[in-house]
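Coordinate analysis (summary)
Each chain is listed here by its residues.
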Amino acid sequence: MTVGLVLVSHSAKLAEGLAELAAQMAPDVRIIAAGGLPDGGIGTDYDEVVAAVQRADSGDGVVLLYDLGSAQMTAELAVETLSDPDSATVVDAPFVEGTVAAAVMAQGGAHRVAVWQAAAKAGQVEGDLPPMELTPALLCSYLTLHNDVGLHARPAALLARTVAGLDAEVQIRLRDHTASANSVLALMSLGARQGDEIEVSATGEQAQEAVDRVRALVESNFEVPPAT
Amino acid sequence: MGCMAEQVTRAVIEAAGVVAEHRSELIELDRAIGDADHGENLNRGFVAIVEALAQASPQTPGAVLKIAATTLISKVGGAAGPLYGTAFLRAATKLGDRSEVDVEALVEVLRAALEGVQARGKAVEGDATMVDALLPAVAAAEVAAKGGADIAGVLAAAAEAADKGAESTVDLVARKGRASYLGERAIGHLDPGARSTALLLHAFAEAAQ
């Protein structure tokens, strides 16, 4: 079971397209599109959103994302009128980036709070984190990307997923830029391409495991889905 | 003398009539700054409310408002559905299952509706929204109630203040909803939500006469 997502949009196509995109990176997450009006028009439909929340909830709760103003109101109203309003959270986040970040976090089995925080943080791309403090537990490894697309969307999502849930802070550095491995967007914004050498550094109890997993992923050319 | 379910039902039906009458006007106001759906949506909602009330014949004022709320939420797209829906829902919750609305309860109901709209839309005074009509309306209702006005008097005072409040949105830059994308270009336009709020209060005041 994972946290479910509901995408509330004025447009059915927009919600469906985004659900499709996010599902590619998070195949086990229930991502339900709730877009448009029943007659096919542009707008948000309260009844549809309520039904979507019920479908998205597999027991671990739901995070709702929205596109424009009144979609937020419909989403919040739907949550307020649920039999258990504490089972769902509406998050103020960029619709596309927030959904992708939330989906990847949910795929890793994260708690609902971590999922909505991932979405909320997606607006602030952390392309340049301060260098990690050197501690005895810091582990480092240099890896060369051989896959065709480098750290593009899917590989970035796989990388974030492979370290999600580990007790380790993991950063990826390419030349002068450093990104948190938790953030798909930050990883993508590094712009690492085929042939680039990235530095993987990790601290924490499971730092070794984290570095090993990233290495395995990179060496498999991001072909093998990581064990969760 | 208070209002029973029957009078509240009549007031809501009166409101439906006013919304139907002003449907085109609201569409035009919304066309200037938004997506031109306010009049159509609100009218669809109130037509559905009248049907729902006829079917359910609710027995308390709170039950009347609850039907109005759930119908608006389900039938009215855009921001107006959740906003008016929340207003009516909070008003219904405030009344609970009491059988009669007196002046004191009316003021509380108006206050609850305003707080609901503010919580839902997060607009403050001066954002060029329905809050600009509803906020002075509630303040005027409170003053009128303190001055000893009856229900019709309180509602008339609220409606009049809502008119002035709605007119004030003409000079404002919209900061919420679709109109906020217009920036300075929204100046010179009456906010359709503020206008419909004033219209609804006028309808309620008229029904209370």
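Details of the overall build of chain B
Across its full length, chain B carries 9 helices and 0 strands. For 209 residues, the compact-globule formula gives about 17 Å, and the C-alpha radius of gyration of chain B, at 16 Å, lands near that figure. With respect to the principal axes defined by its C-alpha atoms, chain B has extents near 45 × 40 × 30 Å. Relative to its 209 residues, chain B shows a buried fraction of 60%. A separation threshold of at least 6 residues defines the contact pool for chain B, and within that pool the share at least 24 residues apart is 68%.

Looking at the sheet that holds strand 1 (residues 4–9) of chain A
All names here are of chain A. Taken together, 4 strands build an open sheet; the order of strands is 2-1-3-4 and the sheet is parallel. Among the strands making up the open sheet, the edge pair consists of strand 2 (31–35) and strand 4 (88–90). The sheet shows a mean angle of 20° between the axes of neighbouring strands, taken without regard to direction. Note: strand 1 against strand 2, 5 bridges, orientation parallel. Bridge assignment links L5 to a residue of strand 2, and that residue is I31. Lying over the sheet, helix 4 (residues 95–107) contacts strand 1, strand 2 and strand 3 (62–66), oriented at roughly 165° with respect to strand 3.

Details of helix 1 (residues 5–21) of chain B
All names here are of chain B. Look at helix 1: 24 Å from first C-alpha to last across 17 residues, which is about the 24 Å you get at 1.5 Å a residue. Buried residues of helix 1: A5, V8, T9, A11, V12, A15, A16, V18 and V19, and no others. Residues of helix 1 that are buried in the fold lie against helix 2 (23–33), helix 3 (38–56), helix 4 (61–75) and helix 9 (192–208).

What about the interface of chain A and chain B?
Taken together, the contact pairs 11 residues of chain A with 14 residues of chain B. With 6 residues, helix 3 (residues 69–80) of chain A is the single largest residue contributor to the side of chain A that touches chain B. Considered class by class, the residues forming the side of chain A that touches chain B number 4 nonpolar, 5 polar and 2 charged.

Points about the nonpolar core
Membership of the largest hydrophobic core comes to 158 residues, with the highest contact counts inside it found for V6, L64, L65, A102 and L187 of chain A together with A158 of chain B. When we break this core down by domain, the ones giving at least three residues each are domain 1 (4–121) and domain 2 (139–219) of chain A. Contacts of L187 of chain A, omitting those with residues within four sequence positions, involve L151, A156, L159, A160, I172, A179 and A181 of chain A. In terms of nonpolar packing, the next biggest core, distinct from the first, is built from 6 residues, I33, A128, A174 and A179 of chain B among them.

Observations concerning the environment of E108 of chain B
Within the element layout of this structure, E108 of chain B appears in helix 6 (residues 103–121). Expressed as a C-alpha distance, the spacing of E108 of chain B and A128 of chain B, which sit 20 residues apart in the sequence, is 24 Å.

Let's talk about the sheet that holds strand 5 (residues 139–144) of chain A
Pairing between the strands of a sheet is mediated by backbone hydrogen bonds and can be parallel or antiparallel. Residues and elements named next belong to chain A. The strand order across the open sheet formed by 4 strands is 5-8-6-7, and the pairing between neighbours is antiparallel. Whereas interior strands pair on both sides, the edge strands pair on one side only; in this sheet they are strand 5 and strand 7 (177–180). Between one strand axis and the next, the sheet turns through 25° on average, direction left out of account. Across 6 bridges, strand 5 lies against strand 8 (residues 197–203) in antiparallel orientation. The residue bridging L143 from the neighbouring strand is I198, located in strand 8. Most of the contacts of helix 8 (residues 207–219) go to strand 5, to which it runs at about 5°, and overall it touches strand 5, strand 6 (169–174) and strand 8.

Points about the domain arrangement of chain A
Residue and element names in this part refer to chain A. We note that the domain assignment places domain 1 (4–121) and domain 2 (139–219) within chain A. Computed from C-alpha coordinates alone, the two centres of domain 1 and domain 2 are separated by 27 Å. Each side of the interface is counted separately: domain 1 has 11 residues, and domain 2 has 10 residues. Elements that contribute at least two residues to the side of domain 1 that touches domain 2 include exactly helix 1 (12–25) and helix 4. For the side of domain 1 that touches domain 2, the class distribution of residues is 6 nonpolar, 4 polar and 1 charged.

Comments concerning the pairing of strand 7 of chain A
All names here are of chain A. Note: strand 6 against strand 7, 4 bridges, orientation antiparallel. Pairing of Q171 across the sheet is with S180, part of strand 7. Linking strand 6 to strand 7, which pair antiparallel, is a turn of 2 residues; within it R175 sits at a positive phi near 50°.

Considering the packing of helix 3 of chain A against helix 5 (residues 80–95) of chain B
Any two packed helices are characterised by how steeply their axes cross, that is the angle between the axes, and by the distance between the axes. Two numbers describe how helix 3 of chain A lies on helix 5 of chain B: the axes approach to 8 Å, and their chain directions differ by 40°. Taken together, helix 3 of chain A and helix 5 of chain B sit at an angle that is classed as oblique. Regarding helix 3 of chain A and helix 5 of chain B, the two cross each other, and that crossing is left-handed. Between helix 3 of chain A and helix 5 of chain B, the contacting residues are S70, M73, T74 and L77 of chain A on the first element and P82, L83, G85 and T86 of chain B on the second. For the contact of helix 3 of chain A with helix 5 of chain B, the class distribution of residues is 4 nonpolar, 4 polar and no charged.

Here we look at unusual backbone geometry
The phi torsion of most residues other than glycine is negative, and most of the peptide bonds are trans. Despite not being glycine, R175 of chain A has its phi angle at roughly 50°, a positive value. Relative to the helices and strands, R175 of chain A is located in the loop between strand 6 and strand 7. Residue R175 of chain A is classed as exposed on the basis of its 12 C-beta neighbours within 10 Å. The backbone of A128 of chain B sits at a positive phi, close to 65°, despite the residue not being glycine.

What counts, and at which threshold
- Residues numbered from 1 in each chain as written.
- Chains lettered and ligands numbered in written order.
- Predicted model: local features only at pLDDT ≥ 70, side-chain atom pairs only at ≥ 80, totals over all residues.
- Helix = DSSP H or I, 4+ residues; strand = E, 2+ residues; numbered from the N terminus.
- Rg over C-alpha atoms; globule rule 2.2 N^0.38 Å.
- Buried ≥ 20, exposed ≤ 12 C-beta atoms within 10 Å, placed from the backbone.
- Contact = placed C-beta atoms within 7 Å.
- Pairing = 2+ DSSP bridges.
- Axes fitted to C-alpha atoms, helices over the stretch in contact; angles between N-to-C directions.
- Expected span 1.5 Å × (residues − 1).
- Nonpolar A, V, L, I, M, F, W, Y, C, P; charged D, E, K, R; others polar.
- Core = buried A, V, L, I, M, F, W, Y, C linked by C-beta atoms within 7 Å.
- Domains from an automatic or database assignment.
- Parallel < 35°, antiparallel > 145°, perpendicular 65-115°, else oblique.
- Left-handed = near helix turned anticlockwise from the far one by under 90°.

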